[in-house]
Amino acid sequence: MTWAAIATWKMGALGAKISADILAKGGRASDAAVEGVSAVEDEPQFHSVGYGGRPDRTGHVVLDGGFMDGDTLHYGAVASIEGFRSPVRIARSLAPREANNFLCGKGAELYAEKNGFEKRDNLSEEAREIYEKERDRLKKLSAYDGHDTVCFLTLDESGSMCAAVSTSGLFMKDPGRVGDSPLCGSGYYADSETGAAAATGLGEEIIKGSLSFLAVFYMGHGYSAMEAAQKAVDELDEKLRRRNGKAEAMSLITLAKDGSWGVGTNVDFPFAFVSDTQELTLFLAAKKDGKTVIETI
Ligand code: ASP
């Protein structure tokens, strides 16, 4: 296998087409990941990313994004940023800096403005209507209740790997709440010498296990992409159930440096994969009798 891309959720398939075009022409893993994520950020039909993303409790669409270059281990991230088109592009631009790689809130917005990133009001009419309907109902934060993160992992012909993510986080989140997605090691991780991983699900749970770094660590210690993803999720799921009596939803995608992929999840979880030897395919991973079962959709 010379190139490959894996992306979370059905929405990932839209961006994966773009990633595949870039990678098939010998393009870079970083371009493929960012363009894939960014295409999803622009699509109003997806309600948890970019334009059309769900607002926080105060009615503001504030977004998180992360990027990691697996060759250099440079990462960049933004959290709680409002009013810009593409958090993932801003995150990427922060990665090569020696410091100040992760900016949040006003600081991230000042940086984006100063560096000419495109502005956009991401509150769609549909998202505003839903917010107004839900606002007065006291809602417990619950996994998959109006959130999902688009995550891309890519491998290019030269062997470079990349991880990129973007999300509006939890619907009705408290102002200032940040989940796993922009946190390097929790929401995403990439190391071209080993592999890459990225997570979606309830960030508060994913952070407890630093899931993405853990899966890459396991790949570096002899586990396949599939074994690493399932081991990371299953161990954290078991630990949380034992300690707290429950574990909220968590799903993890992995891509090894040879292009083999894996998925670990404790809920039904669709994802997309494409490579030079496999046409773009949507899969569904589910937990059945304690085992992860994966089928094509
Ligand atoms: N992990 C994201 C967050 O907690 C949401 C998701 O991926 O569903 O912000």
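Residues numbered from 1 in each chain as written. Predicted model: local features only at pLDDT ≥ 70, side-chain atom pairs only at ≥ 80, totals over all residues. Heavy atoms only, no water.

## Some points on the nonpolar core
Point 1. In terms of nonpolar packing, the biggest core is built from 68 residues, with I6, L252, I253, L255 and F271 touching the most fellow members.
Point 2. Sorting elements by how many residues they give to this core places helix 8 (residues 225–244) first, with seven residues.
Point 3. Sequence-distant contacts of L252, that is, excluding residues within four places in its chain, are made with A197, A198, A199, L211, S212, A215, A229, A232, V233, G262, V263 and G264.
Point 4. Of all hydrophobic cores here, the second largest spans eleven residues; its members include V61, F84, I90 and L94. (Core = buried A, V, L, I, M, F, W, Y, C linked by side-chain atoms within 4.5 Å. Buried < 20%, exposed > 50% of the residue type's maximum accessible area, 1.4 Å probe, protein only. Helix = DSSP H or I, 4+ residues; strand = E, 2+ residues; numbered from the N terminus. Contact = heavy atoms within 4.5 Å.)

## Regarding the side chain of D64
Point 1. Within the secondary structure layout, D64 lies in strand 2 (residues 63–69).
Point 2. Among the polar contacts made by the side chain of D64, one reaches the main-chain amide nitrogen of S80 at a distance of 2.9 Å.
Point 3. D64 has contacts with V78, A79, S80, P87, V165, S166, T167, K173, V178, G179 and P182, leaving out every residue within four places of it along the chain. (Polar contact = N/O pair within 3.5 Å; in protein donor to acceptor, adjacent residues only side chain to side chain.)

## Notes on the confidence of the model for the chain
Point 1. Confidence along the chain averages 95 in pLDDT terms, with 96% of residues attaining 70 or more.
Point 2. Here helix 5 (residues 125–134) stands out as the least confident element of the chain, with mean pLDDT 88; strand 7 (residues 188–191) is the most confident, with 99. (pLDDT = per-residue confidence, 0-100.)

## Considerations on the pairing of strand 3 (residues 75–81)
Point 1. Counted residue by residue, strand 3 has six buried out of seven residues, so it is predominantly covered.
Point 2. Pairing geometry for strand 2 and strand 3, over five bridges, is antiparallel. Note on strand 3: the bridge partner recorded for G65 is V78.
Point 3. The hairpin turn running from strand 2 into strand 3, its antiparallel successor, is five residues long, and L73 in that turn takes a positive phi close to 65°. (Pairing = 2+ DSSP bridges.)

## A closer look at the pairing of strand 13 (residues 291–296)
Point 1. Examined bridge by bridge, strand 12 (residues 281–288) and strand 13 share six bridges and lie antiparallel to one another. Pairing of K288 across the sheet is with K291, part of strand 13.
Point 2. Hairpin connection of strand 12 to strand 13: two residues between the antiparallel strands, including D289 at a positive phi of 50°.

## Structural notes on the sheet that holds strand 11 (residues 269–275)
Pairing between the strands of a sheet comes from backbone hydrogen bonds, and it takes one of two forms, parallel or antiparallel.
Point 1. The nine strands are arranged 4-3-2-6-5-1-11-12-13 in an open sheet whose pairing can be described as mixed. In this open sheet, the two strands that pair with only one neighbour each are strand 4 (102–104) and strand 13. Adjacent strand axes in the sheet meet at a mean angle of 15° when their direction is disregarded.
Point 2. For strand 11 and strand 12, the ladder comprises five bridges, and the chain directions are antiparallel. Opposite P270, over in strand 12, you have L284 as the bridge partner. (Axes fitted to C-alpha atoms, helices over the stretch in contact; angles between N-to-C directions.)

## Re the site of the ligand
Point 1. Around the ligand, the structure places H147, D148, T149, G169, R177, G179, D180, S181, T200, G201 and G203.
Point 2. For the ligand, an oxygen atom lies 2.6 Å from a polar atom in the side chain of T149.
Point 3. At 2.6 Å from a nitrogen atom of the ligand is found a side-chain nitrogen or oxygen belonging to D180.
Point 4. Summarising the interface, the protein chains cover 100% of the accessible area of the ligand, which totals 270 Å² for the free molecule.
Point 5. Judged by the proximity of its atoms to the pocket grid, the ligand belongs to the largest cavity.
Point 6. Its residues assigned to classes, the shell around the ligand shows no nonpolar, eight polar and three charged. (Near = heavy atom within 4 Å. Areas by Shrake-Rupley, 256 points an atom, 1.4 Å probe, with all protein chains shown as cover. 1 Å grid on protein atoms, 1.4 Å probe; cavity = no way out; pocket = protein on both sides within 12 Å on 5 of 7 lines; lining within 4 Å. Sits in = over half its atoms within 2 Å of the grid points. Nonpolar A, V, L, I, M, F, W, Y, C, P; charged D, E, K, R; others polar.)

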